[in-house]
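Each chain is listed here by its residues.
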Amino acid sequence: MMHILHRVGKGLEAGVAGESMLGGIGGFMLELEGKTALVFGVASEESIAWAICEQLAAAGCKLILGFQKRFMSRVFQLKEKLDAIEAFYPIDVSTNELTAEFFTEWQAENHGAKADIVIHAIGFAPQECFDRPILFVENEPINTAMTVSAHSLQRVMRHALPHLAPNSSTITLTYAASTRWVPHYGVMGVAKAALEAWTRELANHVGPDGHRINAISPGPIPTLAAGGIPGFDDILDHVERNSPLRRNVNQKDVAGCAVWLASPLSSGVTGQIIHVDAGYSSVMVPDSISD
Ligand code: NAD
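This report concerns the structure included in the present document. Keep in mind it's a predicted model, so treat the numbers as computed, not measured.

1. Here's the deal with a negative patch on the surface
- Among the surface-exposed residues, Asp233, Asp234, Asp237 and Glu240 lie close enough to one another that they form a single negatively charged patch.
- On the secondary structure map, Asp237 appears in helix α9 (residues 232–242).

2. Here we look at the side chain of Ser168
- Mapped onto the elements, Ser168 comes out in strand β5 (residues 164–173).
- Polar side-chain contacts of Ser168 include one of 2.8 Å to the side chain of His211.
- The residues touching Ser168, leaving out its near neighbours within four places in the chain, are Ala115, Asp116, Gly210, His211 and Arg212.

3. Quick look at the side chain of Thr170
- Tracing the chain through its elements places Thr170 in strand β5.
- Leaving out residues up to four positions away in the same chain, Thr170 has contacts with Val118, Leu153, Met157, Arg212, Ile213 and Asn214.

4. Section: the pairing of strand β7 (residues 273–276)
- Burial of the side chains of β7 is restricted to one face: Ile274 and Val276 are buried, whereas none of Ile273 and His275 on the reverse face is.
- Pairing of strand β6 (residues 212–218) with β7, which is carried by four bridges, proceeds in the parallel orientation. Each bridged residue has a counterpart across the sheet, and for Ala215 the counterpart in β7 is Ile273.

5. Details of the pattern of salt bridges
- Under the defined criterion, the tally for this structure stands at six salt bridges.
- The partner of Glu45 in a salt bridge is Lys81, with the nearest N and O atoms 3.6 Å apart. Residue Glu45 is located in the loop between β1 (36–40) and α3 (48–58), and its partner Lys81 is located in the loop between α4 (72–77) and β3 (85–90); the two are separated by 36 residues in the primary sequence.
- Of the charged contacts, one joins Arg246 and Asp287 as a salt bridge, the two residues approaching to 3.3 Å between their closest N and O atoms.

6. Quick word on the packing of aromatic side chains
- Enumeration according to the criterion identifies nine aromatic pairs in this entry.
- Judged by centre distance (5.3 Å) and plane angle (90 degrees), the rings of Phe67 and Phe76 are edge-to-face.
- Since its relative accessible area comes to 3%, Phe67 is described here as buried.
- Using a relative accessible area of 37% as the deciding quantity, one classes Phe76 as partly exposed.
- Ring geometry for Phe103 against Trp106: centres 6.4 Å apart, planes inclined by 65 degrees, an arrangement best described as edge-to-face. Within this pair, Phe103 and its partner Trp106 are both found in helix α5 (residues 96–109), separated by three residues, close to a single helical turn.
- Taken together, the ring pairs connect Phe40, Tyr89, Phe102, Phe103 and Trp106 into an aromatic cluster.

7. Brief notes about unusual backbone geometry
- Phi is positive for Glu31, which is not a glycine, with a value near 50 degrees.
- With respect to the secondary-structure elements, Glu31 resides in the loop between α2 (15–20) and β1.
- In this model, Asn167 sits at a positive phi of 60 degrees, which is unusual for a non-glycine residue.
- Considering the arrangement of structural elements, one finds Asn167 in strand β5.

8. Topic: the environment of Val276
- Following the sequence through the fold, Val276 ends up in strand β7.
- What makes Val276 buried here is its relative accessible area of 13%.
- The residues contacting Val276, other than those within four sequence positions of it, are Ile216, Ser217, Pro218, Gly219, Val249, Asp253, Val254 and Cys257.

9. A look at the site of the ligand
- Around the ligand, a shell composed of 29 residues is seen, among which Ser47, Gln68, Lys192, Ile221 and Thr223 lie nearest.
- Ile48 places a polar main-chain atom, nitrogen or oxygen, 2.8 Å from an oxygen atom of the ligand.
- At a separation of 3.0 Å, an oxygen atom of the ligand approaches a polar backbone atom of Ile122.
- Structurally, the ligand is housed in the largest pocket.
- Of the residues that constitute the shell around the ligand, the class distribution is 19 nonpolar, eight polar and two charged.

10. Here's the deal with the pairing of β1
- Burial within β1 is extensive, with five of its five residues counted as buried.
- Both faces of β1 are covered, namely the face carrying Thr36, Leu38 and Phe40 and the face carrying Ala37 and Val39.
- Where β1 meets strand β2 (residues 62–67), five bridges bridge the pair, whose relative direction is parallel. If you follow Ala37 over to β2, its bridge partner there is Leu63.
- Once the chain exits β1 it traverses α3 before rejoining the sheet at β2, and the crossover so formed is right-handed.

Cut-offs applied
Residues numbered from 1 in each chain as written. Predicted model: local features only at pLDDT ≥ 70, side-chain atom pairs only at ≥ 80, totals over all residues. Heavy atoms only, no water. Patch = residues over 30% accessible without salt bridge, like charges linked within 9 Å, V, L, I, M, F, W, Y side chains within 5 Å. Areas by Shrake-Rupley, 256 points an atom, 1.4 Å probe, with all protein chains shown as cover. Salt bridge = Lys/Arg side-chain N within 4 Å of Asp/Glu carboxyl O. Lys, Arg positive; Asp, Glu negative; His and termini not counted. Charge placed at Lys NZ, Arg CZ, Asp CG, Glu CD. Helix = DSSP H or I, 4+ residues; strand = E, 2+ residues; numbered from the N terminus. Polar contact = N/O pair within 3.5 Å; in protein donor to acceptor, adjacent residues only side chain to side chain. Contact = heavy atoms within 4.5 Å. Buried < 20%, exposed > 50% of the residue type's maximum accessible area, 1.4 Å probe, protein only. Pairing = 2+ DSSP bridges. Phe/Tyr/Trp six-rings, centres within 6.5 Å; stacked < 30°, edge-to-face > 60°. Near = heavy atom within 4 Å. 1 Å grid on protein atoms, 1.4 Å probe; cavity = no way out; pocket = protein on both sides within 12 Å on 5 of 7 lines; lining within 4 Å. Sits in = over half its atoms within 2 Å of the grid points. Nonpolar A, V, L, I, M, F, W, Y, C, P; charged D, E, K, R; others polar. Right-handed = clockwise from strand over helix to strand, strands pointing away.

Following this line, the structure appears as structure tokens:
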């Protein structure tokens, strides 16, 4: 510990974070004041992306929101709640053209503007993906789930890249059904596995230019997207009983991690899947087995 403090006192030699985040001993700072974040995935006040907006705003970020047209009126009502929101533009990540629309509109009003942070908090699968046995789900709903929930990260990054500030940080949201089976999650488990692979692939693609991409894997949280998953309340009960912290996480827990990933405090972290799940993913045999 003494050794570490000594090094910190002198200033860390390594990397961007070492130089920028320390204002002296104990001076760890988020350094997000005045940064610009593009946030995709706000549909309601329950959205994980909304909690991320609130925390980024509290840290001094300016926010540009991309909204899906079907949620337009709800999203516009949220404007009053957060002064940090500078603009809204429509986005539909299911196609290249509709993804481009956001960036074209943003740049038309703010020529040459750069983003330091990108939040990709987007997931969708047609209800058939959850309701039918996975073997019998048709191609079209599978393709929709994959393109919106996984491949859209690549699409968003491709359009965002020319407008990213140096050392930018992109954060997506995944779920542990990517690596372990969860009842009813079905095709979304496959999509989240692909999303995590995209995270690693893209992190390695943009990493040499200093940009970072990570995924947060939250435990279950009641939101609009979660409402479509049969048996979701049972999963909430199970996690509350069996996670090391004996509770479920909430949007604010996830937002805290997102702010850290957005900031230079995490400057050495990229291509990672970070669990914010009250520790549930660390358990194989829960304590409750003896009940
Ligand atoms: P939410 O319903 O509030 O957010 C989902 C968002 O995806 C909405 O804003 C919606 O507009 C957007 N979206 C869907 N299709 C889109 C499209 N074609 N183009 C643009 N945007 C589109 O739910 P949430 O739980 O906050 O979900 C955010 C992310 O968190 C998702 O990726 C979800 O899979 C992930 N996640 C959620 C939980 C949970 O339990 N809620 C757990 C782990 C991961």
